[in-house]
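Working through the structure, step by step
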Amino acid sequence: MSSTFSIQMERECMVRDELKPLAPLGGIAVSAGGILLTEIIGCSSCSMIVKNGKHDLLTKLVKDKMSVVLPGLGLVNVINDKSEVSIISLGKNHWCFRQMGKDPFVKNVKLLLADYAIFVDQSDSWVEIELRGLEVRKMLERWLPIDIHPDAFPVGAVSQTIMDHINVIVIRKETKKNGEECFLLLSQRSSAQAFLHI
């Protein structure tokens, strides 16, 4: 009887509690050496892998219904600048839909394409860091084993690579007229603290 009572009490407690999302790095924003590091929070992401034999149908449906072409390997297509909706190519027949804010876009994509692809919500799986500044490329070149010069890695390019011992996705964002470059880095949430201290 006491066990039943404790379960009921536990349920009551759980109902009263409100879960609040926590940023992996607490929403950090720091500036040093002319480089601004900002944790990006409030982003939804969903991985999409094409079902066997459905690639052509999926590609056509995305183009017809969403007016966008699925990006080729190593590229990002921005669908909507306002809500920062983008499709990131992560491998053969593998993409990630990413968006800022509460817009139901990702949910709608899953409903639209459910017969052609498998989806996995990864919204809380990543820590995202934006690095911006005149010296940011020089700093990243010390850690990344890939060529991120704009001639080899232009705006919209993406690469899955390693940074020290941590897996990371690197995306080049816009470059300002003053030469300030911007990169978005994503890594597993479980590696957040190690990722920050590299």
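Quick look at the structure, then. These numbers were taken from a predicted model, which means no experiment stands behind them. (Residues numbered from 1 in each chain as written. Predicted model: local features only at pLDDT ≥ 70, side-chain atom pairs only at ≥ 80, totals over all residues. Heavy atoms only, no water.)

1. So, the pairing of strand β11 (residues 181-188)
- In terms of burial, β11 is largely enclosed, as seven of its eight residues are buried.
- By the bridge criterion, eight bridges tie strand β8 (residues 126-133) to β11 in an arrangement that is antiparallel. By the bridge assignment, R132 is partnered in β11 with C182.
- Two strands pair when backbone bridges link them, and strand β10 (residues 166-175) and β11 are joined in this way by five bridges, in the antiparallel orientation. (Buried < 20%, exposed > 50% of the residue type's maximum accessible area, 1.4 Å probe, protein only. Helix = DSSP H or I, 4+ residues; strand = E, 2+ residues; numbered from the N terminus. Pairing = 2+ DSSP bridges.)

2. Some details on a nonpolar patch on the surface
- A cluster of nonpolar side chains, namely I49, I118 and V120, defines an oily patch on the protein surface of about 250 Å² accessible area.
- On the secondary structure map, I118 appears in strand β7 (residues 117-121).
- A relative accessible area of 49% means that I118 is categorised as partly exposed. (Patch = residues over 30% accessible without salt bridge, like charges linked within 9 Å, V, L, I, M, F, W, Y side chains within 5 Å. Areas by Shrake-Rupley, 256 points an atom, 1.4 Å probe, with all protein chains shown as cover. Salt bridge = Lys/Arg side-chain N within 4 Å of Asp/Glu carboxyl O.)

3. Quick word on the nonpolar core
- By size, the foremost hydrophobic cluster in this structure holds 21 residues, and its most contacted members are L131, L140, F183, L185 and F195.
- Put simply, the parts of the chain that give this core at least two residues each are β2 (35-39), β8, α4 (136-141), β10, β11 and α5 (192-197).
- Listed in part, the 19 residues of the second largest apolar core include M48, M66, V85 and I87. (Core = buried A, V, L, I, M, F, W, Y, C linked by side-chain atoms within 4.5 Å.)

4. Focus: helix α2 (residues 55-66)
- Taking 1.5 Å as the rise per residue, α2 with twelve residues should run 16 Å; its terminal C-alpha atoms sit 16 Å apart, in good agreement.
- Of the residues making up α2, those classed as buried are L58, L61, V62 and M66. With its buried residues spanning 100 degrees around the axis, α2 presents them on a single face. Turned more than 90 degrees off the buried face of α2, the exposed positions are D56, K60 and K63.
- Downstream of α2 by a residue or two, S67 has a phi angle that is positive, lying close to 55 degrees. (Expected span 1.5 Å × (residues − 1). Arc of directions from axis to C-beta.)

5. A few points about the packing of α2 against helix α3 (residues 105-113)
- Where α2 meets α3, the closest approach of the two axes is 11 Å, and the angle between their N-to-C directions is 130 degrees. Accordingly, the angle class assigned to the pair α2 and α3 is oblique. You can see that α2 and α3 cross each other, and the crossing is right-handed. Residues L58, L61, V62, K65 and M66 of α2 lie in contact with α3, whose contacting residues are F105, V109, L112 and L113.
- Grouping the amino acids of the contact of α2 with α3 by side-chain chemistry returns eight nonpolar, no polar and one charged. (Axes fitted to C-alpha atoms, helices over the stretch in contact; angles between N-to-C directions. Parallel < 35°, antiparallel > 145°, perpendicular 65-115°, else oblique. Left-handed = near helix turned anticlockwise from the far one by under 90°. Contact = heavy atoms within 4.5 Å. Nonpolar A, V, L, I, M, F, W, Y, C, P; charged D, E, K, R; others polar.)

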